[in-house]
Amino acid sequence: MSAPAPFGRRLLEVAGTDELGAYRVLRVFDPDGPQPQPGQFAMIAAAERWGGGEDERPYLPRAFSIARFQDGEAHFLLEDVGPGSARLCELSPGEPMWMLGPLGHGFTRPDTDDRRPLLVGGGAGIAPLAILQDELERDGGPPPAVLLGFRDAIHAAGAALLRDAAVVTQDDSGARQGLATDLLSEALAEDDSAHVYACGPA
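If you're wondering where the values come from, they're calculated on a predicted model, not measured in any experiment. Residue positions are counted from 1 within each chain, in the order its sequence is given. Two thresholds apply to this predicted model, a pLDDT of at least 70 for residue-level local features and 80 or more for giving and counting side-chain atom pairs, whereas whole-chain, interface and lining totals are computed over all residues. Computation of side-chain values covers all heavy atoms of the structure but excludes hydrogens and water.

## A look at the sheet that holds strand S6 (residues 96-103)
- Here a strand pair is declared whenever DSSP counts at least two bridges between the two strands. Secondary structure elements follow DSSP: runs of H or I of four or more residues count as helices, runs of E of two or more count as strands, with numbering from the N terminus. Pairing is antiparallel in the closed barrel, where 6 strands are placed in the order S1-S2-S5-S4-S3-S6. Along the sheet, successive strands turn relative to each other by an average axial angle of 45 degrees, direction set aside.
- A contact between two residues is defined here by any heavy atoms of the two lying within 4.5 Å. Note on definitions: angles span 0 to 180 degrees between N-to-C directions of axes, and those axes are lines fitted to C-alpha atoms, for helices only across the stretch in contact. The strands that helix H2 (residues 127-139) touches are strand S4 (62-70) and strand S5 (73-79); relative to S4, the one it contacts most, it runs at about 25 degrees.

Right under this line is the structure:
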């Protein structure tokens, strides 16, 4: 059962950011927040310079999967795709930000421990698979296979968010061209009883 989110948003402090190719990992101090479950998300927004000045439309809070929760920090995988996400991407250590969460229902765990987990993601959809990988490895059982797809090599740098990932890119800029579903088909041909966790484009 997922822990309920505190009622209302809370003001937190940015711990830092890390660049992963086209992505940025935003780390936020949240030592007193509830432990998120893999697959949950949070609504986040900058507390300052949020686009609400004269002749500016305010940036609404954005929903982002919680990519990791460790040492009292919540991590989010961001990509600058517009003015709201650009503001989040430029947050620096010490800046305040609003967060509401964790929200939503997390991944359902397999009903038996002998089915190998396959973690399949595309683009920013890899984010909730990172916290899931952490939990599955902590719990023991068969090690999860990680199968990731990206549009190009600069986005594929985001694969570093997870460990031991097989990676493909839609163009020919990466080590292997293809889709994450190509990797999935190959993995299921070897083990069709695997338990698949997926997040990303249909």
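## Examining H2
- Of all 13 residues in H2, 10 are buried; the element is thus mostly enclosed.
- Under the scheme applied here, a residue whose accessible area is under 20% of the maximum for its type counts as buried, over 50% as exposed, and between as partly exposed, the area being computed with a 1.4 Å probe on protein chains only. Burial in H2 covers these residues: Ala127, Pro128, Leu129, Ala130, Ile131, Leu132, Gln133, Asp134, Glu135 and Leu136.
- Contact partners of the buried residues in H2: S4, S5, strand S7 (117-122), strand S8 (145-150) and strand S10 (195-199).

## A closer look at the layout of surface pockets
- Considering only enclosed or pocket space, the largest pocket measures out at about 370 Å³ in volume.
- If you go around the largest pocket, you meet 21 residues; those closest to its centre are Gly122, Gly123, Gly149, Ala180 and Pro201.
- By residue number, the principal contributor to the lining of the largest pocket is S7, which donates 3 residues.
- Residues are grouped as follows: Ala, Val, Leu, Ile, Met, Phe, Trp, Tyr, Cys and Pro are nonpolar; Asp, Glu, Lys and Arg are charged; all remaining types, including Gly, are polar. Across the lining of the largest pocket, the residue classes tally to 10 nonpolar, 9 polar and 2 charged.
- Points on a 1 Å grid, built from protein atoms alone, make a cavity when a 1.4 Å probe fits but cannot get out and make a pocket when they are open with protein on both sides within 12 Å along at least 5 of 7 lines; residues with an atom within 4 Å of a point are the lining residues. Grid points are joined across faces, edges and corners, and a volume is the space filled by probe spheres set on the points. Put simply, the second largest pocket is a space of about 200 Å³.
- By residue class, the composition of the lining of the second largest pocket is 9 nonpolar, 5 polar and 1 charged.

## What about the pairing of strand S2 (residues 23-29)?
- Counting buried residues along S2, 5 of its 7 residues qualify, which places the element largely inside the surrounding structure.
- With 7 bridges connecting them, strand S1 (residues 10-20) and S2 associate as antiparallel partners. Directly across from Gly16, in S2, lies its bridge partner Arg27.
- If you look at the hairpin formed by S1 and S2, you'll find 2 residues sitting between the two strands, and Gly21 has a positive phi there, around 65 degrees.
- The sheet contact formed by S2 and S5 spans 7 bridges and is antiparallel. The residue of S5 that forms the bridge with Arg24 is Leu78.

## What to know about the sheet that holds strand S9 (residues 165-169)
- Reading across the sheet, the 4 strands line up as S9-S8-S7-S10 and stay open at both edges, with parallel pairing between neighbours. At either margin of the open sheet sits one strand with a lone partner, and together these are S9 and S10. Each strand axis lies, on average, 15 degrees off the axis of its neighbour in the sheet, ignoring direction.
- Where S8 lies against S9, 5 bridges are found, and the strand directions are parallel. Looking at S9, one finds that Leu148 is bridged to Val167.
- Lying on the sheet, H2 is in contact with S7, S8 and S10; it crosses S7 at an angle near 165 degrees.

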